[in-house]
Amino acid sequence: MIKKINFKIILLFVLTISCTPNTEYIEKLENPELFQDAMQNLTDVIVYDIFSPPVASRVYAYPSIAAYETMRFSKPKKFITLSGQVKELEQVKSPEDKNINFNLAALYAFNKVGRALIFSEDKMDSFDEIFYKKIKSFKTPRRVIKSSKKYGEFVADHVLEWAKYDNYNQTRTYPKYTIREPENFWKPTPPDYMDGIEPHWNKIRTLVIKSAGMFPSKPPIKFDLTKGSPFQNQLQQVYEIGENLSDEQIEMAKFWDCNPYVTHHRGHAMFATKKITPGGHWIGITSVATRKAKSNFSETINAYVNVSISLFDGFISCWDEKWKTLVVRPETLINKYYDEEWLPILQTPPFPEYTSGHSVISRAAAVTLTDLFGENFNFVDTTELKYGLPERSFNSFIHASEEAAISRLYGGIHYMMAIEEGVTQGNKVGVFIVDNLQTKSN
Amino acid sequence: MKKILILFFCLIFINCKNSNKTQIHDILFESLDSNYSGIDFINQLTYKPYLNIIEYLYYYNGGGVAVGDINNDGLEDIFFTANQEIDRLYLNMGNLQFRDITKQAKLDLFPSWSNGVTMDDVNNDGFIDIYVSKLPMEGLFKNQSTHNLLYINNGDLTFTESSSDYGLDFLGFSTQSTFFDYDRDGDLDMYLMNHATHSVRSYGTTKKRKEKDSISGDRFYENLLDEGKNKFIEVTDKSGILSSPLGYGLALTTTDINDDGWLDIYVGNDFHENDYLYINNGDKTFTESFKKYFKHSSRFTMGVDVADLNEDGKLDIFTTDMMPFDSKIALKSGGEDTDKLTKIKSDYGFEPQYSRNHFHLKKPYGDYAEIGLLTKTYATDWSWSVLLQDYDNDGNNDIFISNGIAKRPNDLDYINYLSTSNYSSFVLTKQNEMKEELINQMPELKIPNILFKNKGMLDFGNIKESFFGDPSYSNGSAYSDLDNDGDLDLIVNNINSIASILENKTSKENKSLTIELKNKKAIKGSRVTVFKSNNKVDVKEAITTRGFQSSTTHRLHFGLGKSIVDSISVRWADGKTQIVNGPFKEKIQIIYNSGKFKEESIDVKNNFSLSVLPFKHEEDIYLDYEREKLIPELLSSEGPAFLLADFNNDKMLDIFIGGARYRPSQILIATKLGYELADINDFRIDQKYEDVSAATFDADNDGDMDIYVVSGGNDYKENDELMMDRIYINDGNANFSRLSVALPSTNGSVVVSHDIDDDGYDDLFVGSRSIPGGYGLSPYSFIIKNTRDGNFEPIVQSRLGMVTDAKWGNIDMDPEFELIVVGDWTPIIVIDENEDGKFVASKLKGGENYYGLWNTIELADLNDDGKSDILVGNTGKNFKWQPTIESPVYLYVDDFDENEQSDPIIFYDFFGTYRPFNTKDNLGSQMPMIKKRFNKYKDFSKVETIENLTGKKEKNILEIKKLTELKSMLFINKGEDFDPTPLPFEAQWSSIQDFFWDKETEEIFYVGNSEEFVTELGAQSANPGGIIEFDNQAIHKEFLPLPINLNLRRVIKLNNDNMLLIANNDYIYILKRIND
């Protein structure tokens, strides 16, 4: 009798053990660092492929959106779909497969959209290989991988199909900017006199703001080189500040340079230094913030998607203003009228001056991050270490964005008006998005 | 035993003399083994943290060579300059063996950076001295000054460094010097060419030319020897020589450009600064006049030489640049400027430059035709020295070019991807460590030098048959007859390998003449003209500084082929001309002998005179390439439309000139006192149209000439109101009013009238040029019937192609007229009415395979056989694209990336390999998929087909067009079909835009030149016009004396002696014949 019972108990025990599903991998797939890695990889490829600031913002946004729309199915009541909130995005078909791990699926979605938008696919290949090995090492069951991949890529395709209609392809065919003679109009700047970047970026479909021109800035100060005029005063300020910068100011200028392609000429030799774009810098700050706040996997994606949407619309709004007002860069006027040898600390980027890109999008991103993490969230910004620059500490996101804005004056590439109005513009964009986009339900 | 040993050693000795042979056709050189020659000089470069390509932009430019007889023993000796080693002097011992006498000669034994070197007799003591140009390196060598050096020859194989005594101890960035007598006072003065070292950052403006730079600006020194002093004084400012920080002077020579007996100076500048041409005014001053003589120059000019390359007795000029001839290298290197950048530089005041070798051929009237593309000598990779001499003595001067650069800094993968984000540290801190690594990553490539053999008639063969010697990095070079055997040997200074001494072993079948000029006073700049028994002429100047950083023998060498020399004319440096009659031995001396002087009469027969009518066509500025990034030509500078007709029936020919956009059309009424501008209201109202073409016709059959004006332009879409053609009805008194009627609204190009149905009312053919925004696609062209009630109905519309011109005429055996149409990428199309009254298009019989970029068509009965022959003007042979029926240029049109804009993609044969016409950057900016398909420039550089490039198979491509012939052609009407003949050689040097056939004189006038191609193809500037004689065959008679900047569109006979020349964006010219 006892033997029989023992046997049954043993059998039950054995069955219990063998039927217990392997759940270790689930915990491992909750690690937000998986997403941080994917985002870092995307940033690395963006830098390598030399995307301009506005186009880079597109490469950040769509993969983040795909990741978000996938991830949210793990907590559909907590995370609201973006469809209905960002333009023309339709609801993706709900998943039916029970084997899907939505974190894993979100990573697949992110990588697929990212791959479609960059050029160096071989770099994505390397990352995918490492990623796959990692998931296997978690002992993720094969069916889970298969189902998650399938669904993630399904969402990715859905997002890519939607992205196709944002006019990016069409704007490739639009005419380049033709230089206008009068002094006040933007001209290409040395050393490479590159064509102006993305003169038609205001035709890209916005995500949340209603149109590119929804938040126009007040008109730039009237062009007037007479000594003492408001415009000339601002020009003079750029010129003089360049001559008397403190070390701190120089450091600030370089920290916020974020010029993805700076050329250095030595005779016939030329080298390019590559870095993250302004948008990339705020994506980097997002990585710092989410880690400091110990955000979990979902909240990490949530943060990135909100910030990248803010950046996306911010660039469209800013570029609309730039190519409308076509204000000439300080360097052009200073070299022509004051001092042929004067060099700004930073290489003047190849697009018109007003409003300042960094001022607009930094503020927009900061407003979004403040909404996510709070007003007095201090942090150490380590984003630029990889590019040979030191780290800097900030009391808040707004503080960082203000430094980013003023640094453009120190850098010698902007007038004060472009900075002030840029911040105002960025604030409007950020606030509008915070008010009109809700991803997390309360 | 001993004998055997001696014999053995002798054999080894002889066999070890020469190592490598190089044969180019009949030209044979053998490289001497250094063990035999005794020349073991190597310009060895050694990386130093303070001295490398990043620190000094000309680190890889190499050294120089000077050749001269330092001890007057009849054997020419050699001086090599080194960059980081000691300069060396080798004494010629005979039999091509040399001894290093650097130490013995008391030369500087301190290795500091030397660039160029010249040998000349500075103090007129009968012994040549040596001047070395150097870099300032004081900080590096413990206060050892490294100023330029002047070694005065003591006459005993020793030299005394005397630069300070002579005032020539300039300390700065010197490239090369040249000595010549600028003021005819009998002593040699000196031009010192220096270079800037700052990287090109801003193009600033050309204002900087007026500034003086103490270490980089050029200098001019006057020799005071004639006053009894062994000294030079600096006279840079006084003489008008620019001394600015803008100049990157690398190429230097002197020549008498304007044939006035005074030597002028050519300075070739690297980068965006234009080359300088200093015309000697004869009064101790120079005037910089580059743009007076040349339309454009090489961009990165590194070497220059002057010689007669077509046996016409006129001196031609060749400059070197750095264009690769291997498409795989070309497509991954920085190349031509973008069109945007071209415009920016032009706005800053720089004259046009192209990144390719330039071959300026002097024409009979003294202007130059740049024919580098025509002769296919424009791409020899990174080139330094050019030495134009007759190396095989066949009577034609050949082209030797030394090339190669130790590290290639302009590889685009290197710039964009290899020097990666880690480089950020470079700018901030770790400069020294990063430098070496960055340099190590630069690609390397040795390439062989080039020797283009001149086969006569400007045929220099092709690059593949011209590779000369082993791959190397060769820089300064010089020639001399080192072994006095009647042919020229070559000396080449190489980086990191032994200098090459190349013995000329070409067969002795061809004869030569070597001349030494002797004069107590300076002979530099004397010009020697040799008259040969075959009625050909050769001319050389006694100058030595030429090529790159080098100077050559003083002796003048003339190859004779199988001819002998009848007489020699020497125009000495003081302007006096001396004639010496033959026969001559192979080596002669000509001594200054006033007894043999003769007046030199330079008679330039001018058969024509040119005057200007003060009415200017002004083109509007629309830059097609900003909208369509891949197009090869502008389609919006077609005008002006021009008509010569009697509008007011007063028996005098009036003029109609169309206006560009926002400029009104104009009618000039001819009166006894000249032309008067008519006031026509409707023209003012209609100035918003761009007039491309016009024709007179009697629209209303009332006996006066009405006008049809074709509207065009590439800036508005088809069917836009601003593209509509217009008809203006004449009231008989030249008062025109616009007829209200619907007409084609395409980007039109031509209108020609003809009464098709013989109803007394003129009908029309209107040809269209393009679909705006869709280069390559064929727009509709129309045959329009005049319905006699003020209406005009298109009865035929057909996509014939990108039409440029058309003519109605009778070219077959039936009495009816046909319509012949030509265009870009089209064959010659004949439109004829068949029995059913339908218009049918076919290709010209006998010319079916001729697809060109045709500009103009003219019908003329040239051989007076009652049948119309056809003249068609094309782009010409002086062009990067040189298609043949076997290897055409292809145009593929499709929306390859499906973004609603058509992409015109062109492939052409580039020195034997097909390659895309556009750069990867250009293609990628229009089609982002290219960036994805070809992330690296290296991968892109391997593309040879459209399928490689886009993934689309040819059979699926919307439209494929081609070019098989770019020569302007003549088709002789044989009745059943036509016989094709290319027009004469000279007429192919530029594009032909119009013809006029003068029946009485049996002459064909042709005009052309244009600036409608993008920078990658370049301006067509070599020939604004000329005359072809036709007497059974077409022979080029003469060039017309026209300004170099003229782009002519029409040539029209005004009256017996006068022709009207209509130019684009310029005035109207009248060409008058003054001789018979």
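Residues numbered from 1 in each chain as written. Chains lettered and ligands numbered in written order. Predicted model: local features only at pLDDT ≥ 70, side-chain atom pairs only at ≥ 80, totals over all residues. Heavy atoms only, no water.

## Quick look at the overall build of chain B
- Each helix and strand counted, chain B has 16 helices and 74 strands in total.
- Taken along the three principal axes of its C-alpha coordinates, chain B extends 110 × 75 × 65 Å.
- Considering only intrachain contacts with a sequence separation of at least 6, the fraction spanning at least 24 residues in chain B is 61%.
- Roughly 38300 Å² of accessible area belongs to chain B as shown, and the carbon and sulfur atoms make up 48% of that amount.
- Within chain B, the 173 negative side-chain charges are centred at a point lying 6 Å from the centre of the 111 positive side-chain charges. (Helix = DSSP H or I, 4+ residues; strand = E, 2+ residues; numbered from the N terminus. Contact = heavy atoms within 4.5 Å. Areas by Shrake-Rupley, 256 points an atom, 1.4 Å probe, with all protein chains shown as cover. Lys, Arg positive; Asp, Glu negative; His and termini not counted. Charge placed at Lys NZ, Arg CZ, Asp CG, Glu CD.)

## Examining the side chain of A:His264
Residues and elements named next belong to chain A.
- For His-264, the position within the fold is in strand 1 (residues 262–266).
- The buried category is assigned to His-264, whose relative accessible area is 15%.
- Within polar-contact distance, the side chain of His-264 engages the side chain of Thr-273 at 3.0 Å. (Buried < 20%, exposed > 50% of the residue type's maximum accessible area, 1.4 Å probe, protein only. Polar contact = N/O pair within 3.5 Å; in protein donor to acceptor, adjacent residues only side chain to side chain.)

## Quick look at unusual backbone geometry
- Residue A:Pro191 is reached from A:Pro190 by a cis peptide bond, and omega for that bond is 0 degrees.
- As for its placement among the helices and strands, A:Pro191 is situated in the loop between helix 8 (168–171) and helix 9 (230–243).
- Each neighbour pair has its own omega, and for B:Gly582 with B:Pro583 the value is 0 degrees, a cis peptide bond.
- For B:Pro583, the position within the fold is in the loop between strand 39 (577–581) and strand 40 (587–591).
- We note that B:Asp381 has phi near 65 degrees; this positive angle belongs to a residue other than glycine.
- You can see B:Asp381 is positioned in the loop between strand 24 (368–370) and strand 25 (383–389).
- With a phi angle near 80 degrees, B:Asn1009 is a residue other than glycine that sits in the positive phi range.
- Here B:Asn1009 is to be found in the loop between strand 69 (1003–1008) and strand 70 (1025–1031).
- Judged by its relative accessible area of 0%, B:Asn1009 falls in the buried class.

## Here we look at the domain arrangement of chain A
Residues and elements named next belong to chain A.
- What the domain assignment reports for chain A is domain 1 (22–168) and domain 2 (179–436).
- Between domain 1 and domain 2, the C-alpha centre-to-centre distance is 28 Å.
- Listed as interface residues are 49 residues of domain 1 and, on the opposing side, 45 residues of domain 2.
- Of all residues in domain 1, Gln-36, Pro-53 and Lys-87 give up the largest surface area on contact with domain 2, accounting jointly for 16% of the area buried on that side.
- Across the domain 1-domain 2 interface, the total number found is 4 salt bridges.
- The closest approach of N and O atoms between Asp-44 and Lys-386, which form a salt bridge, is 2.9 Å.
- For the pair domain 1 and domain 2, the number of links is 13 residue pairs in polar contact (both at pLDDT 80 or more).
- Of all the secondary structure elements, the ones that give two or more residues to the side of domain 1 that touches domain 2 are helix 3 (33–48), helix 4 (53–71), helix 5 (102–117) and helix 7 (142–163).
- By residue number, the principal contributor to the side of domain 1 that touches domain 2 is helix 4, which donates 14 residues. (Domains from an automatic or database assignment. Buried area = accessible area lost by both parts, 1.4 Å probe. Salt bridge = Lys/Arg side-chain N within 4 Å of Asp/Glu carboxyl O.)

## A look at the sheet that holds strand 41 (residues 597–598) of chain B
All names here are of chain B.
- Ordered by their spatial adjacency, 5 strands build an open sheet running 34-33-38-39-41, and the pairing between neighbours is antiparallel. Each end of this open sheet is capped by a strand with a single partner; those strands are strand 34 (537–541) and strand 41.
- Direction of pairing for strand 33 (residues 527–532) relative to strand 38 (residues 565–571): antiparallel, over a ladder of 6 bridges. Bridging from a neighbouring strand, Thr-529 pairs with Ser-569 of strand 38. (Pairing = 2+ DSSP bridges.)

## Observations concerning the confidence of the model for chain B
Residues and elements named next belong to chain B.
- Chain-level statistics for chain B give a pLDDT mean of 91 and a share of 95% at 70 or above.
- Across residues 10–15, where pLDDT falls below 50, the model places 2 contacts with residues more than four positions away in sequence or in other chains.
- Predicted complex, confidence summary: ipTM 0.85, pTM 0.92. (pLDDT = per-residue confidence, 0-100.)

## Re the nonpolar core
Residue and element names in this part refer to chain A.
- With 104 residues, the main nonpolar core has Ile-65 and Trp-282 as its most contacted residues.
- In terms of residue count, the dominant contributor to this core is helix 12 (residues 297–325) (14 residues).
- For this core, the two domains that each supply at least three residues are domain 1 (22–168) and domain 2 (179–436).
- In contact with Ile-65, other than residues within four places in its own chain, are Leu-82, Leu-89, Val-159, Trp-162, Leu-207, Val-305 and Ile-309. (Core = buried A, V, L, I, M, F, W, Y, C linked by side-chain atoms within 4.5 Å.)

## Quick word on the interface of chain A and chain B
- Residue-level contacts link 49 residues of chain A with 53 residues of chain B.
- Seen at the junction of chain A and chain B, the total is 5 salt bridges.
- When the shortest N-O distance is used, the salt bridge between B:Lys932 and A:Glu121 registers 3.2 Å.
- Here chain A is connected to chain B by 17 residue pairs in polar contact (both at pLDDT 80 or more).
- Of all the secondary structure elements, the ones that give two or more residues to the side of chain A that touches chain B are helix 5, helix 8, strand 1, strand 2 (269–273) and helix 13 (330–338) of chain A.
- At 5 residues, strand 2 of chain A tops the list of elements feeding residues into the side of chain A that touches chain B.

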